[in-house]
Amino acid sequence: MLTGFTAVSSNRKTGAIPTTTSAKETCWDGCPFYEKGCYGKGGPQNIHWNAISSGERGYEWDQFLLKIKTIKRGQLWRHNVTGDLPVVYNGVIDGVKTAQLVSSNKNKKGFTFTHHPLTNNNLAIIKDANAGGFTINISTESIEVADKVMTEYNLPAVAVVNSDKTDRFYKTESGRKVITCPATIHENVTCSTCGLCQIADRQFIIAFPAHGNAKKTVNQIVG
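For the structure given in this document, a descriptive report is provided here.

Reading the values: rules and limits
Residues numbered from 1 in each chain as written. Predicted model: local features only at pLDDT ≥ 70, side-chain atom pairs only at ≥ 80, totals over all residues. Heavy atoms only, no water. Helix = DSSP H or I, 4+ residues; strand = E, 2+ residues; numbered from the N terminus. Buried < 20%, exposed > 50% of the residue type's maximum accessible area, 1.4 Å probe, protein only. Contact = heavy atoms within 4.5 Å. Core = buried A, V, L, I, M, F, W, Y, C linked by side-chain atoms within 4.5 Å. Phe/Tyr/Trp six-rings, centres within 6.5 Å; stacked < 30°, edge-to-face > 60°. Salt bridge = Lys/Arg side-chain N within 4 Å of Asp/Glu carboxyl O.

Comments concerning the side chain of Q198
Mapped onto the secondary structure, Q198 falls in the loop between α7 (191-194) and β11 (205-209). For Q198, a relative accessible area of 16% corresponds to the buried category. Look past the residues within four positions of Q198 in its chain and what remains in contact with it is L76, K109, G110, F111, G133 and T135.

Given below as structure tokens:
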């Protein structure tokens, strides 16, 4: 299983920052977008993702970690434009490899998202990573679930929401603030100029309106 590394991304949403892509085998088959609705299964990213997943391109884990170590001190970077955290098997995060990733990120500003189930094993690994300076956001399909995750586990959470929900700011029923991803509503904003998802101790949810070729499918899933 290989992992892709791009030193300077040409993705218009991330901006010119380092990005990575993990093989499809890292994705949990319980993810609501596993069979349909995944934005990564379309366009140029899907071509790249397929090549990584088939072993045509990418790096073995040790080589990949060396690539992460070349990222400049203080640099914002995104792990997994598509794919998820390294796994032992389906839905079980590999704690050893994740710890190695966290170590390689030292003095850098790495962040990512995970759809893996919040089992005790996975939660412990995710919490250690966030405490160690590598931000792992919990991906959810509603602001209510994201609110619950943040309240119960004190972890940063994001939510995929209906494409019609593009208010810049709003709140959950409990009063927690929700900020719509600025890159989804402003043409001049990218991950490289935003960085909100890298803030591990934030108290607000980040919402991502459904977009791309699978927008209608995602809208049906999230309601």
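Let's talk about the nonpolar core
F64, I68, L101 and F134 are the most contacted members of the largest nonpolar core, which has 30 residues in total. Every element with two or more residues in this core is listed here: α2 (61-69), α3 (95-104), α4 (120-131), β7 (135-140), α5 (143-153), β8 (157-161) and β11. In this structure L101 touches W61, F64, L65, I68, W77, H79 and F134, once residues within four positions along its chain are discounted. Core analysis: the second largest hydrophobic core is formed by 14 residues, F111, V158, C191 and C197 among them.

A few points about the packing of aromatic side chains
As enumerated under the stated definition, the model contains four aromatic pairs in all. Between W61 and F64, the aromatic rings sit 5.2 Å apart at their centres with planes inclined by 40°, giving tilted as the arrangement. Here the residue W61 and the residue F64 both occupy positions in helix α2, the gap between them amounting to three residues, near one helical turn. Note on F64: relative accessible area 0%, which makes it buried. Ring geometry for F113 versus F208: centroids 6.0 Å apart, planes at 90°, classification edge-to-face. You can see F113 sitting in strand β6 (residues 109-114) and its partner F208 sitting in strand β11, a full 95 residues away along the chain. Across the pair, F208 and F113 agree in class, each one buried.

A closer look at the pattern of salt bridges
All told, the structure shown has two salt bridges when counted by the stated rule. For K165, the salt bridge identified is with D167, shortest N-O distance 3.7 Å. Judged by relative accessible area, K165 falls into the partly exposed class, the value being 33%.

Read these as spatial facts, not as claims about activity.
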